[in-house]
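What follows is the residue order along each chain.
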Amino acid sequence: MGWPRSIVGALQRLNQRGLAERGDLFLSISREYTLQRSVPGERHGYILRSFGANAYRSEAQERKSSIPVEIPVPYQLHKLSEGPPQHTQTTQDELMKYYRDMALIRRMEITADILFKSQQIRGFCHLYDGQEAVAVGLVEALTDDDSIITAYRDHGLYLARGGTLFECFSELMGKRTGCSGGKGGSMHLYNVKKRFYGGWGIVGTSAPLGAGLSFAHKYLNKKSVAVAIYGDGAANQGQIYEAKNLAALWDLPLILLVENNHFGMGTAEWRASKQITFYDRVHYIPGLKIDGMDVFAVREAICYAKEHCMSGKGPIVVECDTYRYHGHSMSDPGSTYRTHDEIKGIRQERDPINHVRKLILKEGFATADDLKSMDKEIRKEVEEAAAKAKEAPQPAKDALFAHIYKNDAALQFHGFVR
Amino acid sequence: MVCNTCLFSVWQSCMMKACRMRKLNLFYGIRVRAKSWSYVFGEDVGFGGVFRCTTGLADTFGKHRVFNTPLCEQGIVGFGIGLAAMGNRAVAEIQFADYIFPAFDQIVNEAAKFRYRSGNLFNCGGLTIRTPYGAVGHGALYHSQSPEAYFCHVPGLKVVIPRSPTQAKGLLLAAIRDPNPVIFFEPKWLYRLSVEDVPEGDYTLPLSQAEVIREGGDITLVGWGAQLAIMEEACVEASKEGISCELIDLRTLLPWDKEIVEASVNKTGRLLVSHEAPITGGFGAEIAASITERCFLRLESPVARVCGLDTPFPLVFEPFYMPTKNKILDAIKASVNF
């Protein structure tokens, strides 16, 4: 049978161009190869919702009765002829799962607020409530082979990406049982198994790091993407543009997800940016802007974006129009630069959990009382985890010097140098 | 506030009244000469800044002179260098010293070398970069760093660190007026803690001049910023045990006042340097090496350094990391009993 025609073609083209470098060869071949591979009908071993068709649903899903869901807010597209569908399907199990996942994140953040105010959590704490749909929708659309990297507002993503409440609270409180051993705190939550590269304190770092992750994905010829998440405040950092150029130049499978909650700390987006849209910042990278408060919109958009990357077209920007109810961090009341009415209005009109709740009630998948008792159950679960974390021990003293280097060649002394 | 009819002035003062909130509130004084102008900019400075240092400035002097920038440190400093190159006084704020690193290239490669490489044709002496630095009790890795040592390694820059509100006002005014780019590190620990009667007039304190803030005869202690308060406590404890300590505030780290430290060590024969930054490669190493060169035969014991540990600034381990009063006291006694 020989080599696939596409690879032969690629090799011929390379010979013509006289390219000798191994890197270029690899990249060109892998691009050709992935194009060849993304043929409709081929099962990839995971659920890929190709736009317009439900061809790839797993059999288990097809057995349950699915209901259609509208995605009301139209997508805004940049350098894309067609976007994701404005409708999708869901099932009772899925809806209940989304509700639960988002309610868990919401309750966790509220509890973290209380713990911070009672000084159980110290340091800095940046809460995610309001933005749950982005985390849940994103994780739903990806597989465990995809990498995610975000900034400091990472509690929601950590939980959505398989982190446990106990480890999360422990890390926030700086306990030994935390996911980072209590050494990182709120901004530094990670999960190796689920390829959650965490929690970064410096604004804008996620983009170039994400470019590196996506290069590795492509180089190793994996059918997976890297998602680099940053905010509207970070969008003016130089390194974002550097990362975008790298990703576009090398056709990296990178999804740049902008969590646009409209405020960089206390600065509204229109005060910080000449251009207040983020999906079309760079003309050579396509992008789309979606309603980030709608978990289905996020899910569809990320599936679409993943397909875009997997077909070798390079990076794509997905801007999620979302909102955070709390201030930037616990030292920011969040009301000096926006009105209470605005926050209340978003809660009433666009709350992500309410959106799913309405669907559940409309379809009769559960009653209001059922959801209430689910909420109670979640609350109990969260509070139990927090209480357990409170009892956990702090890191051992030798943890102070551990993991500075691989083999800990660091100087270790506690007093003074003679 | 004093307003000269032909000049703008914005004054630096501290919350002096006990009934008001005990915050270090910096308004700083910039004189506008005939042709040049002064500007204050950075992230969130317009509404007063995250530490309220610039409260009221925008209202008084206008948003065209006191303005917010987007989140782009490299851009902020580069922009400041450009402004200063046109003869303006650009006071750029970097919100936390931990975030100064994207701007490191601009500071080291552009600001510090501009005058030198243009043979004095151009300069950005009007640039002052203010940034809160240092531990604050709960800052963890990215709100507590002390990066002064990185900048002390760059000829062409000046590095100034005040220890109190009165010092901060005089030194900041001097830094702004100094015809060289200055990085002004403000100990954020002191923003809320420090209360002092600050003179209302215009005054400057000399740069590159250390100050002996406590006289003594047995050992010289050198420090800067918030650490001095800790060292002062250690001196008081040591005096109870009959050790008389001389405490020197360096105030300017680059170029630093070697003469005053040398004179003091020639008197006492012992030196101890203390700073929050990690010990290896910290500025204490430069002081130790210089003084050993100058005072070798006079030294009675090795130069002691009581500094932060060689770890990233930790989360829960901050109390272990910090150079505390007891560590300093321990070192004082060891030095005296050498």
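All values derive from a computational prediction rather than experimental measurement.

### Notes on the overall build of chain B
Of regular secondary structure, chain B possesses twelve helices and twelve strands. Every one of the 338 residues in chain B was classed for burial, and the buried ones make up 59%. Long-range contacts, defined here as pairs at least 24 residues apart, represent 79% of the contacts in chain B between residues at least 6 apart. Carbon and sulfur atoms form 57% of the exposed surface of chain B, whose accessible area is close to 13,000 Å².

### Some points on the overall build of chain A
Counting its secondary structure elements, chain A contains 14 helices and ten strands. Within chain A, the fraction of its 418 residues that count as buried is 56%. Put simply, of all contacts in chain A between residues at least 6 apart along the chain, 72% involve residues at least 24 apart. Surface accessibility of chain A: about 19,000 Å² in total, with carbon and sulfur atoms responsible for 53%.

### Description of the packing of aromatic side chains
A complete count under the given rule lists 21 aromatic pairs over all chains for this structure. Consider the rings of phenylalanine 215 of chain A and tyrosine 219 of chain A, whose centres lie 5.9 Å apart with planes at 25°: the pair is stacked. You can see phenylalanine 215 of chain A and its partner tyrosine 219 of chain A sitting in helix H8 (residues 206-219), four residues apart, about one turn around the helix. Accessibility expressed as a relative area gives 32% for tyrosine 219 of chain A, which makes it partly exposed. Between phenylalanine 51 of chain B and tyrosine 191 of chain B the ring centres are 4.7 Å apart and the planes differ by 35°, which places this aromatic pair in the tilted class. Taken together, the positions of phenylalanine 51 of chain B in the loop between strand E1 (38-42) and helix H1 (57-61) and tyrosine 191 of chain B in helix H7 (residues 189-193) put the pair 140 residues apart, joining distant regions of the chain. Judged by its relative accessible area of 2%, tyrosine 191 of chain B is buried. Through a chain of ring-to-ring contacts, the aromatic side chains of Phe101, Phe104, Tyr133, Tyr150, Phe151 and Phe185 of chain B assemble into a single cluster. Its end group placed over the ring of phenylalanine 263 of chain A, arginine 338 of chain A keeps NZ or CZ at 5.7 Å from the ring centre.

### As for the interface of chain B and chain A
Taken residue by residue, the interface counts 36 residues in chain B and 38 residues in chain A. In total, chain B and chain A occlude about 3,000 Å² of area from one another, counting both sides; carbon and sulfur atoms represent 69% of this. Considering only the surface of chain B that becomes buried against chain A, Leu71, Leu315 and Phe317 of chain B emerge as the three largest contributors, covering 20% of it. The tally of links from chain B across to chain A stands at three residue pairs in polar contact (both at pLDDT 80 or more). Of all the elements in the fold, those that place two or more residues in the side of chain B that touches chain A are strand E12 (304-308) and helix H12 (325-336) of chain B. Looking at the side of chain B that touches chain A, the element that brings in the most residues is H12 of chain B, giving four residues. When the residues that make up the side of chain B that touches chain A are grouped by side-chain class, the tally is 22 nonpolar, seven polar and seven charged.

### Let's talk about the side chain of serine 290 of chain B
On the secondary structure map, serine 290 of chain B appears in helix H10 (residues 283-295). Excluding its chain neighbours within four sequence positions, the residues that come into contact with serine 290 of chain B are Trp256 and Lys258 of chain B.

### Section: the layout of surface pockets
Residues and elements named next belong to chain B. One number sums up the size of the second largest pocket: a volume of about 580 Å³. The set of elements that each furnish at least two residues to the lining of the second largest pocket consists of H7, helix H8 (227-240) and helix H11 (318-321). With four residues, H8 is the largest single contributor of residues to the lining of the second largest pocket. Residues of the lining of the second largest pocket, tallied by class, amount to 14 nonpolar, nine polar and seven charged.

### A look at the packing of helix H4 (residues 92-117) of chain A against helix H14 (residues 368-391) of chain A
All names here are of chain A. Between H4 and H14, the shortest axis-to-axis distance is 9 Å and the interhelical angle comes to 45°. One finds that H4 runs oblique with respect to H14. Judged by the twist between their axes, the crossing of H4 over H14 is right-handed. Here H4 contributes Met96, Tyr99, Arg100, Ala103, Leu104, Arg107, Met108, Thr111 and Leu115 to the contact with H14, which in turn contributes Leu371, Met374, Asp375, Glu377, Ile378, Arg379, Glu381, Val382, Ala386 and Lys390. The residue makeup of the contact of H4 with H14, split by class, is eleven nonpolar, one polar and seven charged.

### What to know about helix H9 (residues 258-268) of chain B
All names here are of chain B. Within the sequence span of H9, burial applies to Val261, Ser264, Val265 and Thr268. The buried side chains of H9 occupy one side of the element, clustering within an arc of 100° when seen end-on. The elements touched by buried residues of H9 are strand E8 (219-223), strand E9 (245-249), strand E11 (271-278) and H10. Its side-chain oxygen at 3.4 Å from the backbone nitrogen of glutamate 259, aspartate 257 defines the N-terminal cap of H9. Once H9 finishes, glycine 269 follows within two positions and takes phi at roughly 85°, a positive value.

### What about the sheet that holds strand E2 (residues 66-68) of chain B?
All names here are of chain B. On the basis of which strands lie adjacent, the open sheet formed by seven strands has the order E2-E1-E3-E4-E6-E5-E10 and mixed pairing. Two strands bound the open sheet, and with one partner strand each, they are E2 and strand E10 (252-254). Ignoring which end each strand starts from, the neighbouring axes of this sheet average 20° apart. Direction of pairing for strand E4 (residues 127-133) relative to strand E6 (residues 182-187): parallel, over a ladder of six bridges. Counterpart to threonine 131 in the pairing with E6 is phenylalanine 185. Of the strands in this sheet, strand E3 (89-93), E4, strand E5 (158-160) and E6 touch helix H6 (residues 165-177), which is tilted by about 160° from E6.

### Things to note about unusual backbone geometry
For the bond running from leucine 254 of chain B to proline 255 of chain B, omega is -10°, close enough to zero to count as cis. Inspection of the secondary structure puts proline 255 of chain B in the loop between E10 and H9. Although it is not a glycine, aspartate 251 of chain A sits at a positive phi angle of roughly 50°.

### Observations regarding helix H3 (residues 104-111) of chain B
Within the sequence span of H3 of chain B, burial applies to Gln106, Ile107, Val108 and Ala111 of chain B. On its buried side, H3 of chain B packs onto helix H2 (73-85), helix H4 (114-117), E4, helix H5 (148-151) and E6 of chain B.

### Concerning the side chain of aspartate 129 of chain A
Residues and elements named next belong to chain A. With respect to the helices and strands, aspartate 129 occurs in the loop between H4 and helix H5 (132-141). Despite being buried, aspartate 129 has no salt bridge partner; arginine 347 is the closest side chain of opposite charge, sitting 4.6 Å away. A polar contact is formed between the side chain of aspartate 129 and the side chain of histidine 326, at a distance of 2.8 Å. Here aspartate 129 is in contact with Arg106, Glu109, Tyr323, Arg324, Tyr325 and His326, once residues within four sequence places are set aside.

### Brief notes about the confidence of the model for chain B
All names here are of chain B. Across chain B, pLDDT averages 88, with 89% of residues at or above 70. Below pLDDT 50 for its whole length, residues 1-35 participates in 113 contacts with residues either more than four positions away or in separate chains. For this predicted complex, the interface confidence comes out at an ipTM of 0.80, alongside a pTM of 0.83.

### Here we look at the environment of glycine 123 of chain A
Residues and elements named next belong to chain A. Tracing the sequence through the fold places glycine 123 in the loop between H4 and H5. Judged by its relative accessible area of 7%, glycine 123 is buried. C-alpha of glycine 123 to C-alpha of methionine 330: the two residues are 207 residues apart in sequence and 9.4 Å apart in space.

### Structural notes on the confidence of the model for chain A
All names here are of chain A. Of all residues in chain A, 82% have pLDDT values of 70 or greater, and the mean over the chain is 86. Ranking the helices and strands of chain A by mean pLDDT puts strand E10 (residues 316-321) first, with 98, and helix H2 (residues 22-37) last, with 38. Here residues 16-57 scores under 50 on pLDDT; set against residues more than four positions off or in separate chains, the count is 63 contacts.

The rules we used
- Residues numbered from 1 in each chain as written.
- Chains lettered and ligands numbered in written order.
- Predicted model: local features only at pLDDT ≥ 70, side-chain atom pairs only at ≥ 80, totals over all residues.
- Heavy atoms only, no water.
- Helix = DSSP H or I, 4+ residues; strand = E, 2+ residues; numbered from the N terminus.
- Buried < 20%, exposed > 50% of the residue type's maximum accessible area, 1.4 Å probe, protein only.
- Contact = heavy atoms within 4.5 Å.
- Areas by Shrake-Rupley, 256 points an atom, 1.4 Å probe, with all protein chains shown as cover.
- Phe/Tyr/Trp six-rings, centres within 6.5 Å; stacked < 30°, edge-to-face > 60°.
- Lys NZ or Arg CZ within 6 Å of the ring centre and 35° of its normal.
- Buried area = accessible area lost by both parts, 1.4 Å probe.
- Polar contact = N/O pair within 3.5 Å; in protein donor to acceptor, adjacent residues only side chain to side chain.
- Nonpolar A, V, L, I, M, F, W, Y, C, P; charged D, E, K, R; others polar.
- 1 Å grid on protein atoms, 1.4 Å probe; cavity = no way out; pocket = protein on both sides within 12 Å on 5 of 7 lines; lining within 4 Å.
- Points joined across faces, edges and corners; volume = space filled by probe spheres on them.
- Axes fitted to C-alpha atoms, helices over the stretch in contact; angles between N-to-C directions.
- Parallel < 35°, antiparallel > 145°, perpendicular 65-115°, else oblique.
- Left-handed = near helix turned anticlockwise from the far one by under 90°.
- Arc of directions from axis to C-beta.
- Pairing = 2+ DSSP bridges.
- Lys, Arg positive; Asp, Glu negative; His and termini not counted.
- Salt bridge = Lys/Arg side-chain N within 4 Å of Asp/Glu carboxyl O.
- pLDDT = per-residue confidence, 0-100.

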